[in-house]
Amino acid sequence: MKVLVLNCGSSSIKYQFFDTVEEVALAKGVVERIGMSSAVLSHTRYDGDGIKIAGEILDHTIAIEYVLGVMLSKNHGVIDDKKDIEAVGHRVVHGGEHFTDSILITDEIMQVLQDNIELAPLHNPPNIKGIQAVKRILPNVPQVAVFDTAFHTKMPPKAFLYGIPYELYKKHQIRKYGFHGTSHSYVANKAAEILGKELKDLKIVTAHLGNGCSMAAVQNGVSVDTTMGFTPLEGLLMGTRSGDLDPSLILYIMGKEGLSLNEANTLLNKHSGLLGISGESSDMREVLIAANEGHKRSRYAFEIFAYRVKKYLGAYAAAMGGLDAFVFTGGIGENSPEVREEVCKGLEFLGIELDDQKNKNKEKIISKNSSRVPVLRIPTNEELVIARDTNRIVEEIKTKKA
Ligand code: ADP
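What you see is a predicted model; the values in this text were computed from it and never measured. (Residues numbered from 1 in each chain as written. Predicted model: local features only at pLDDT ≥ 70, side-chain atom pairs only at ≥ 80, totals over all residues. Heavy atoms only, no water.)

1. With respect to helix α1 (residues 60-72)
Let me state the cut-off plainly: In this description a helix means any DSSP run of H or I spanning at least four residues, a strand means any run of E spanning at least two, and both kinds are numbered starting from the N terminus. To estimate the expected span of a helix, subtract one from its residue number and multiply by 1.5 Å. Per-residue accessibility, obtained with a 1.4 Å probe over protein chains only, is compared with the maximum for each type, and a residue is labelled buried under 20%, exposed over 50%, and partly exposed between these values. The contact criterion used is simple: two residues touch if any of their non-hydrogen atoms lie within 4.5 Å. Throughout this description, a polar contact denotes any pair of N or O atoms lying within 3.5 Å of each other; where both atoms belong to protein, one of them has to be capable of donating a hydrogen while the other can accept it, and for residues adjacent in sequence the pair is counted only when both atoms sit in side chains.
The terminal C-alpha atoms of α1 lie 18 Å apart, and with 13 residues this matches the ideal 18 Å at 1.5 Å per residue to within 8%. Looking only at α1, the buried set comprises His-60, Thr-61, Ala-63, Ile-64, Val-67, Leu-68, Val-70 and Met-71. Contacts from the buried residues of α1 go to β1 (2-8), β2 (13-19), β3 (24-32), β4 (36-45), β5 (50-57) and α3 (124-137). Looking at where α1 begins, the residue whose side-chain oxygen comes 3.1 Å from the main-chain nitrogen of Thr-61 is Asp-59.

Now the structure itself:
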């Protein structure tokens, strides 16, 4: 099946066009600065041919029309007709408790997505805009929503409930949801495949370390705990997000600095993390350069980042009663041997022995042969998971109808 995968943000749309039989991306690209007169579409075809188109792209519908235009174009395109797009899969950040799997989007489902906006005010509205835009442009093409939260919906209450009055969970659905589910699920499956074992027999900790960072404890193929929470702010230190902190601290800062709710939210989500501690950058590459040049705050940022990953690894090994594999993924997890080394340092007691050379060479398995717990470096592919799920859901519905 030919599936267009869309990841719609507030001012950008990332897309990939997949052939799900061959599992290859025929084209990929991004539209940036939607809503501005200086928007840019960057498109790359499977054969490396690329094009950049600049122009005024005022909303998501126009952006998707641009994408279809370039996909159909004679010189840079990959399809002859809009009909070649058999289905569209959307990344939807928050599915709440309602969505435990990917789902075909109907009017009824759209309503539930609208109802979930409160839970993800920044992320869900652009996801919904993208779905509405596709409905306008490709009215007969089935659309599937794939949720970041779905993989974590089997967590037990002891992992997802917070220590606040239970009524608040019932009244406002305040609980841990977890995010990056497609990535954790993809790399856990891939790890089992690489190790030649069944996922259902394994206890795996996956660390998705990108701009946003989260870890998951994947026991017998099920996410039993994860570091992100009610929102993506909880857990690990991230590019600009604080991760875990004493909750009363924010009330104290608000009082001391006279911050509004919005300002406090911005402080924790945009000015904290690697950026806030280093004062230099939210990008681990730049933090590492500064740290290696002797910049103290950047060294702290790097060390805190790795220390949190190490702590959660230990916590999740304890939670699952063992550890069979540890996986790094995401921009930092895939590309930074320094971070992987710092995380794994001193974990021999847990059965983890990193191999310096394999780690530097970016091999799939980066632990020593003698390491009881294999450590893996697996490039994530969230778009492929979305394409696979879209194909599965659409095929299931075709079979039911037949
Ligand atoms: P997102 O979470 O937005 O999908 P990515 O997973 O692509 O982002 O991760 C982006 C981050 O990866 C960058 O901010 C940068 O910190 C980090 N990164 C990329 N390459 C390297 C590298 N060679 N060394 C360290 N960090 C890197």
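Next comes the rest of the description.
2. Some words on the site of the ligand
Short version of the rule: Proximity is defined per residue: if any heavy atom of the residue lies within 4 Å of a molecule or strand, that residue is considered near it. Areas reported as accessible are Shrake-Rupley estimates using a 1.4 Å probe. Residue values count occlusion only from the protein chains shown. Each residue is assigned to one class: nonpolar for Ala, Val, Leu, Ile, Met, Phe, Trp, Tyr, Cys and Pro, charged for Asp, Glu, Lys and Arg, and polar for all the others, Gly among them.
Around the ligand, the structure places Gly-210, Asn-211, Gly-212, Asp-283, Met-284, Arg-285, Gly-330, Gly-331, Ile-332, Asn-335 and Ser-336. Here a nitrogen atom of the ligand sits 3.3 Å away from a polar atom, N or O, in the main chain of Asn-335. When the ligand is considered free in solution it has 580 Å² of accessible area, and contact with the protein chains removes 70% of it. When residues of the shell around the ligand are traced back to their parent elements, those giving at least two are α10 (284-292) and α12 (330-335). The element that contributes the greatest number of residues to the shell around the ligand is α12, accounting for four residues. Considering only residue class, the shell around the ligand consists of two nonpolar, seven polar and two charged.

3. A word on the pairing of strand β8 (residues 143-147)
Just so we agree on the cut-off: One bridge is not enough; two strands pair if DSSP finds at least two bridges between them.
Counting buried residues in β8 gives five out of five residues, a clear majority hidden from the surface. Both faces of β8 are covered, namely the face carrying Gln-143, Ala-145 and Phe-147 and the face carrying Val-144 and Val-146. Sheet topology note: the strand β6 (residues 87-92)/β8 ladder contains five bridges and is parallel. Paired with Val-92 across the bridge in β8 is Phe-147. Inspection of the sheet shows strand β7 (residues 103-104) paired to β8 by two bridges, in the antiparallel sense. Within β8, the residue paired with Ile-103 across the bridge is Ala-145.

4. Description of the environment of Ala-54
Within the secondary structure layout, Ala-54 lies in strand β5. C-alpha separation for the pair Ala-54 and Leu-41, spaced 13 residues apart in sequence, amounts to 6.3 Å. Beyond its immediate sequence surroundings of up to four residues, Ala-54 is in contact with Ala-39 and Val-40.

5. A closer look at the sheet that holds strand β13 (residues 375-377)
Defined as follows: Structural elements are reduced to axes, namely lines fitted to C-alpha atoms, with helices fitted over the stretch in contact, and the angle between N-to-C directions of any two is expressed from 0 to 180 degrees.
The sheet built from five strands is open, its strands ordered β11-β10-β9-β12-β13 with mixed pairing. Across the chains shown, the open sheet's two edge strands, defined by having one partner strand only, are β11 (222-226) and β13. Along the sheet, successive strands turn relative to each other by an average axial angle of 25 degrees, direction set aside. The sheet contact formed by strand β9 (residues 203-209) and strand β10 (residues 213-219) spans seven bridges and is antiparallel.

6. Digging into the nonpolar core
Generally speaking, soluble globular proteins have nonpolar side chains that are buried together. To be explicit about the condition: Among buried residues, the Ala, Val, Leu, Ile, Met, Phe, Trp, Tyr and Cys ones that are joined through side-chain atoms within 4.5 Å form a nonpolar core.
If you look at the biggest cluster of nonpolar residues, it comprises 43 residues, and the most contacted ones within it are Leu-209, Met-215, Phe-305 and Phe-326. Contributions of two or more residues to this core are made by β9, β10, α10, α11 (296-320), β12 (325-329) and α13 (337-344). In this structure, Leu-202, Leu-376, Ile-393 and Val-394 belong to the second largest nonpolar core, which totals 28 residues.

7. Remarks on the environment of Gly-221
Topologically, Gly-221 is positioned in the loop between β10 and β11. Spatially, the C-alpha atoms of Gly-221 and Asn-189 are 7.8 Å apart, while their sequence positions differ by 32 residues. In contact with Gly-221, other than residues within four places in its own chain, are Phe-151 and Leu-199.

8. Overview of unusual backbone geometry
You will see that Gln-173, though not glycine, has its phi angle at about 55 degrees, which is positive. Given a relative accessible area of 32%, Gln-173 falls into the partly exposed group. Positive phi outside glycine occurs at Lys-362, with the angle close to 55 degrees. Within the secondary structure, Lys-362 is located in the loop between α14 (356-360) and β13. The partly exposed category is assigned to Lys-362, whose relative accessible area is 36%.

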